[in-house]
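Working through the structure, step by step
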Amino acid sequence: MDLSVIGILVSLAVIVVLALRGLGIAVIGPLAAALVAIFSGMGVLDTLMGPYMKGFISYAAKFFLIFLFASIFGKYMDDSGAAKAIARKLLQLVGHKGPFYVLFSVAMITLLLTLGGVSMFVVIFAVMPIARPLFKQMNIPWHLFIAAFIFGIGSLSMTMVPGSPSIQNIMPTKYLGTTPMAAPLLGIICSILIMSMNAWYMNWQLKKAYAKGEGYADSAPSNVVDEIDDTKVLPGFLVSLVPPFAVVICLNALKLDPVWALVIGCVTAAICFWQNIDSHFVTINGGATNTAIPIINTCADVGYGMAVAATSGFKIITDFLMTIPGPPIVALSAATFMMTGITGSASGGLAIVLETLIGKYAAMGLNPEMLHRIVVMACGVFDAMPHSGATVTALAVSGLTHRQAYRHVWYGHVVATFLVMLIAIPLAVVLYK
């Protein structure tokens with residue numbers, strides 16, 4: 001085997017091992033790039049200052065403003081209590097009819113909030129303290145919260161629903177000249193499939209847990225607060241919906257650039273929640289500060305990918321992928337599976353594929369909308385591996401361990417989305433010849 005290919009494989013193994021041990025990708029990225037350079041006979045510093053930093057800076061130039069205003073928007077929804085107001089109202093409307101309705105309500109709340117441009121980190125803190133008393137009241141095993149949560153924030157809102165303002169759905173627009181509404185029919189069909197699978201899975205797991213005699217107390221953590229803080233005056237439900245709808249309308253109906261759509265969303269949120277924010281400067285600064293880690297981590301992923309792309313081993317690997325039988329989007333999906341699974345990041349893995357591979361597939365004359373939807377959906381399959389930052393955070397915040405609840409991430413997100421991709425690829429070929 002070529003030494004450069006061995007170096008790439010070693011660097012990938014290092015990424016997974018160090019990520020599982022808790023080291024951040026901002027450190028792992030350049031370290032893995034250095035290993036690739038050594039095995040490929042390239043200068044370490046030349047690689048880091050050349051292709052690595054080129055990829056790092058290129059991604060930041062394209063997406064920093066999107067990350068910035070999305071983070072500020074999410075901070076407004078969080079600090080104002082709007083995210084919590086939406087969650088509370090929907091649970092009141094649907095969540096008291098039975099255990100399954102509670103689970104489905106949590107899923108729909110997370111779906112609505114993420115489709116409105118609110119990050120999963122804001123969503124989990126908004127939904128969890130409201131959902132937990134209902135889980136306790138109806139004796140629903142607490143580990144099933146993750147099954148409902150991943151249903152709403154996973155592939156459905158992140159990659160499949162046409163028009164979603166998720167960063168993953170926006171990224172290909174900069175490379176393919178598409179819009180977030182790309183391949184709407186394919187996206188809608190896949191959305192229906194994943195919703196059906198997840199609804200069935202939640203119901204099956206609920207019945208299975210009750211059959212085993214499981215209840216709320218069996219997996220309830222002690223580090224999560226039971227009661228809802230009612231001391232803060234929340235904005236009204238309808239008012240809380242205005243800023244998210246403003247973002248979605250600007251992005252899809254008015255077809256504004258994502259940056260402008262998010263800026264308008266931030267301004268709308270500031271106006272709607274003027275009385276609910278203690279200090280607008282604190283909220284804006286908090287949102288801006290929250291931008292740093294996500295953008296730096298993703299840039300580090302992309303930098304690593306560009307360092308790999310500069311090696312002879314990368315050409316060998318891409319040539320091999322191109323020989324996979326079937327339509328070209330099979331190889332594209334396989335490459336995306338690999339990169340997102342290894343980096344543990346949908347946006348990080350997708351960014352590497354967009355920077356290094358998507359141009360080759362576009363040059364084949366393939367439908368840009370098809371490429372957009374397929375590569376975005378593919379990035380939301382193996383991104384939720386055990387070392388994924390989103391997975392680790394969701395479990396930690398909800399007070400659960402991998403042993404208690406990761407299976408819900410695996411089956412509800414990874415397996416279900418992979419099965420949908422097996423249908424989506426041939427369907428895309430038929431719909432977008």
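Structural data are supplied above this passage.
Now for a description of the structure that goes with this document. This structure is a prediction, so every number in the text was calculated from the model and none was measured.

Considerations on the overall build of the chain
Within the chain, the secondary structure is distributed over 22 helices and 0 strands. Expected size for 433 residues packed as a compact globule is a radius of gyration near 22 Å; at 21 Å, the chain falls within 12% of this value. Taken over the C-alpha atoms alone, the chain extends approximately 60 × 50 × 45 Å along its principal axes. For the chain, buried positions account for 55% of its 433 residues. Entry remark: accessible area of the chain is about 17,400 Å², with carbon and sulfur atoms responsible for 70%. Taking the average location of the 22 positive side-chain charges in the chain and that of its 17 negative ones, the two points are 7 Å from each other.

Some words on empty space enclosed by the protein
The full count for this structure, using the stated rule, is 2 cavities of 30 Å³ or more. By volume, the largest cavity is sized at about 140 Å³. Forming the boundary of the largest cavity are 16 residues, of which V308, F314, M338, M339 and I352 lie nearest the centre. Of all elements in the fold, only α1 (3-20), α15 (280-309), α16 (312-322), α17 (328-343) and α18 (346-356) reach the threshold of two or more residues within the lining of the largest cavity. Looking at the lining of the largest cavity, its residues break down into 13 nonpolar, 3 polar and no charged. Roughly 30 Å³ of internal volume is contained in the second largest cavity. Every residue lining the second largest cavity is listed: I150, F151, G154, S155, L156, I194, N198, G412, H413 and T417.

A few points about the packing of aromatic side chains
As enumerated under the stated definition, the model contains 17 aromatic pairs in all. For the pair W142 and Y216, a centre-to-centre distance of 6.5 Å together with 70° between the ring planes defines the contact as edge-to-face. With W142 in the loop between α6 (120-137) and α7 (144-153) and Y216 in helix α12 (residues 216-219), the pair connects residues that are 74 residues apart, well separated along the chain. Per residue, the accessibility class of W142 equals that of Y216, and both read buried.

Points about the state of the cysteines
Counted by the stated rule, this structure contains 0 disulfides. The thiol of C272 is not disulfide-bonded; the next cysteine sulfur, from C266, is found 12 Å away.

A look at the packing of α17 against α18
Running from N to C, α17 and α18 cross one another at 135°; their axes reach a closest spacing of 8 Å. When the axes of α17 and α18 are compared, the pair comes out oblique. Our pair here, α17 against α18, has a crossing hand that is right-handed. Of the residues in α18, those touching α17 at L332, A335, T336, M339, T340 and T343 are A346, G348, G349, L350, I352 and V353.

Considerations on the pattern of salt bridges
The full count for this structure, using the stated rule, is 5 salt bridges. In this structure, K174 and D257 form a salt bridge, with 3.4 Å as the shortest nitrogen-oxygen distance. Of this pair, K174 sits in helix α10 (residues 173-176) while D257 sits in the loop between α13 (237-253) and α14 (258-272), placing them 83 residues apart in sequence. Of the residues examined, D257 reaches a relative accessible area of 34% and is grouped as partly exposed.

What counts and what doesn't
- Residues numbered from 1 in each chain as written.
- Predicted model: local features only at pLDDT ≥ 70, side-chain atom pairs only at ≥ 80, totals over all residues.
- Heavy atoms only, no water.
- Helix = DSSP H or I, 4+ residues; strand = E, 2+ residues; numbered from the N terminus.
- Rg over C-alpha atoms; globule rule 2.2 N^0.38 Å.
- Buried < 20%, exposed > 50% of the residue type's maximum accessible area, 1.4 Å probe, protein only.
- Areas by Shrake-Rupley, 256 points an atom, 1.4 Å probe, with all protein chains shown as cover.
- Lys, Arg positive; Asp, Glu negative; His and termini not counted.
- Charge placed at Lys NZ, Arg CZ, Asp CG, Glu CD.
- 1 Å grid on protein atoms, 1.4 Å probe; cavity = no way out; pocket = protein on both sides within 12 Å on 5 of 7 lines; lining within 4 Å.
- Points joined across faces, edges and corners; volume = space filled by probe spheres on them.
- Nonpolar A, V, L, I, M, F, W, Y, C, P; charged D, E, K, R; others polar.
- Phe/Tyr/Trp six-rings, centres within 6.5 Å; stacked < 30°, edge-to-face > 60°.
- Disulfide = S-S within 2.5 Å.
- Axes fitted to C-alpha atoms, helices over the stretch in contact; angles between N-to-C directions.
- Parallel < 35°, antiparallel > 145°, perpendicular 65-115°, else oblique.
- Left-handed = near helix turned anticlockwise from the far one by under 90°.
- Contact = heavy atoms within 4.5 Å.
- Salt bridge = Lys/Arg side-chain N within 4 Å of Asp/Glu carboxyl O.

Scope: geometric values only; no functional claims are made or implied.
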